[in-house]
Amino acid sequence: MDRRNRTVSKKVEGVRTSDGAGVRLTRIIGSGRMMELDPFLLFDEFKSDNPDDYIGGFPDHPHRGFETVTYLIAGVVDHADSAGNSGTLQPGGAQWMTAGRGLVHSELPKQKEGMLWGFQLWVNLPADSKMVPPRYQDIPPEAIPHARLPGGAVARVLAGQAFGVTGPVQGIVTIPLYVDISLPPDTSLSVPVEEGKSAFVYMIQGEGKADGTTLTAGTLGQLSDGDIVKLAAGNSGCRVFVVAARPLNQPVARWGPFVMNTDEEIQQAIEDYRAGRIRD
Ligand code: CO
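To keep things clear, this report deals only with the structure shown in the data block. Here the residue index of a chain counts from 1 through its sequence in written order. pLDDT decides what is reported in this predicted model: residues at 70 or higher carry local features, side-chain atom pairs at 80 or more are listed and counted, and totals for whole chains, interfaces and linings draw on all residues regardless. Hydrogen atoms and water are omitted, and side-chain values are computed over all heavy atoms in the structure.

### Describing the overall build of the chain
A count of helices and strands for the chain gives one helix and 24 strands. The globule rule is 2.2 Å times the number of residues to the power 0.38, and the radius of gyration it is compared with is taken over C-alpha atoms. A compact globule built from 280 residues should have a C-alpha radius of gyration of about 19 Å, and the chain, at 18 Å, falls within 12% of that. In terms of principal-axis extent, the alpha carbons of the chain reach across some 55 × 45 × 35 Å. Relative to its 280 residues, the chain shows a buried fraction of 54%. For the chain, the share of sequence-separated contacts (at least 6 apart) that also reach a separation of at least 24 residues comes to 71%. Here a strand is any run of E in DSSP of at least two residues, a helix any run of H or I of at least four, and the numbering for each starts at the N terminus. Burial classification: accessible surface area is computed with a 1.4 Å probe over protein chains only, and a residue below 20% of its type maximum counts as buried, one above 50% as exposed, and the rest as partly exposed. Pairs of residues are marked as contacts when any of their non-hydrogen atoms sit within 4.5 Å.

Following this line, the structure appears as structure tokens:
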């Protein structure tokens, strides 16, 4: 079978900013350098061992019209929402929340000190799914399966399929792939990524290449279309996300925590929130 390599069509480094109650973070998608990578609306990394950078967390705030995906590498985060879900995110765990027509939730660090390191990705919903009931998938670390590959690479699969492993997140309309890959020094790995999907790689740690383009830690590489991406680790190894999903090709109207198709729908969301209707 002929393979078509995905290449890096654009490199983006994040912008330092803060959100929630003063949480310092790096915004890679959702700011001036890359407003959107359809269907991805936002991609944040938070990483600090200084409690002042994270202790305020994200107190009660609403969402409507898309999905939030939290993936934690280090630290512990308590969460609770107005649909009655609550729990504790552990290192290596994840939460895939389909906000749909809306809910109000909080995400607060449980720890008072130590390293907090994780990511939040926002995935858009198509027009006919924006007002679905909220849905919540809580994925403890041990529920994320991994594949051990020749050469020593390890791929944890949160969503989609890779290397014969199927991720635990199910029923997501954009058919996402979300894989966390650790590559030993000077090894390489080809990762199938279904043709037609929007895709990016993000260098979590270390340095490596995607189809020959060097990516240092904290750099996102947007991928051209194709059906495979060739990763190669530098001489100290690397850890990298490969993320993909079907693009929606629909108009995007966004205002803070609401992402709809039209300005009228945004106005409605604001009105609903003020009236207390964005709660289950
Ligand atoms: Co939130």
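Having put the structure on the table, let's press on.
### Structural notes on the pattern of salt bridges
Here, a salt bridge means any side-chain nitrogen of Lys or Arg that lies within 4 Å of a carboxyl oxygen of Asp or Glu. Considering all chains together, one arrives at ten salt bridges under this definition. The partner of Asp 272 in a salt bridge is Arg 277, with the nearest N and O atoms 2.9 Å apart. The exposure class assigned to Asp 272 is buried, which follows from its relative accessible area of 8%. Residues joined in a network through salt bridges with shared partners are Asp 19, Arg 27 and Asp 44.

### Some thoughts on the coordination of the cobalt ion
The donor set covers N, O and S atoms within 2.8 Å of the metal, switching to 3.2 Å for Na, K and Ca, and it leaves out water, so a site may look short of donors. Protein coordination at the cobalt ion: the donors are His 61 (NE2), His 63 (NE2) and His 105 (NE2), at 2.1 Å from the metal. Each donor residue of the cobalt ion lies on the same chain, and together they follow the pattern H-x1-H-x41-H. With His 63 in strand S5 (residues 58-63) and His 105 in strand S10 (residues 103-109), this pair connects stretches of sequence that are 42 residues apart. His 105 matches His 63 in its accessibility class, with the two residues each being buried.

### A word on the nonpolar core
Counting residues in hydrophobic clusters, the biggest one holds 31 residues, and the most contacted among them are Phe 43, Leu 158, Tyr 178 and Phe 200. Contributions of two or more residues to this core are made by strand S3 (23-29), strand S4 (40-48), strand S6 (66-74), strand S9 (94-98), strand S11 (116-124), strand S14 (154-159), strand S19 (198-210) and strand S22 (228-245). Setting aside its immediate chain neighbours within four residues, Phe 200 contacts Ile 29, Leu 37, Phe 40, Phe 43, Leu 121, Leu 220, Gly 221, Gln 222, Leu 223, Phe 241, Val 242 and Val 243. We define a nonpolar core as any set of buried Ala, Val, Leu, Ile, Met, Phe, Trp, Tyr and Cys residues linked to one another through side-chain atoms lying within 4.5 Å. Judged by nonpolar contacts, the second largest core, of 28 residues, contains Ile 181, Ala 199, Leu 215 and Ala 233.

### Re the sheet that holds strand S2 (residues 15-19)
By the convention used here, strands pair only if DSSP detects at least 2 bridges between them. Strand order in this open sheet of seven strands is S2-S3-S4-S11-S6-S9-S12, and the pairing throughout is antiparallel. Two strands lie at the open edges of the sheet, namely S2 and strand S12 (135-139), each paired on one side alone. Neighbour to neighbour, the strand axes of the sheet diverge by 20° on average, direction disregarded. Alignment of S6 against S9, held across five bridges, turns out to be antiparallel. Bridge pairing in S9 places Glu 67 opposite Thr 98. Axis definition: a line fitted to C-alpha atoms, over the contacting stretch in the case of helices. Angles run 0 to 180 degrees between N-to-C directions.

### Topic: the pairing of S22
The element S22 is largely enclosed, with a buried count of 13 among its 18 residues. Bridge count between strand S18 (residues 188-192) and S22: five bridges; the pairing is antiparallel. Of the residues in S22, the one forming a bridge with Leu 189 is Leu 231. By the bridge criterion, eleven bridges tie S19 to S22 in an arrangement that is antiparallel. Its bridge partner lying in S22, Gln 205 is registered against Arg 239.

### What about the sheet that holds S5?
Pairing within the open sheet is antiparallel, and its four strands lie in the order S5-S10-S7-S8. This sheet does not close on itself; its edge strands, each paired only once, are S5 and strand S8 (86-89). Ignoring strand direction, the axes of neighbouring strands in this sheet form an average angle of 20°. As defined by bridge partners, strand S7 (residues 77-81) adjoins S8 across four bridges and the pair is classed as antiparallel. Counted as the bridge partner of Val 77 is Leu 89 from S8.

### Here's the deal with the packing of aromatic side chains
Aromatic pairs are defined between Phe, Tyr and Trp rings, using the six-membered ring for Trp, whenever the two ring centres lie within 6.5 Å; interplanar angles under 30 degrees are classed as stacked, those over 60 as edge-to-face, and all others as tilted. According to the stated counting rule, one finds 13 aromatic pairs in the structure shown. A ring pair is formed by Phe 43 and Phe 200, whose centres lie 5.3 Å apart and whose planes are at 50°; its orientation type is tilted. Of this pair, Phe 43 sits in strand S4 while Phe 200 sits in strand S19, and the two are 157 residues apart along the sequence. A residue is classified by how much of its surface remains accessible, and Phe 43, at 1% relative accessible area, is buried. A network of ring pairs unites the aromatic residues Phe 40, Phe 43, Tyr 71, Phe 119, Tyr 178, Phe 200, Tyr 202 and Phe 241 as a single cluster. Should the NZ of a Lys or the CZ of an Arg lie within 6 Å of a ring centre and within 35 degrees of the ring normal, that charge is described as sitting over the ring. Lying across the ring of Trp 117, Lys 47 places its NZ or CZ 4.0 Å from the centre.

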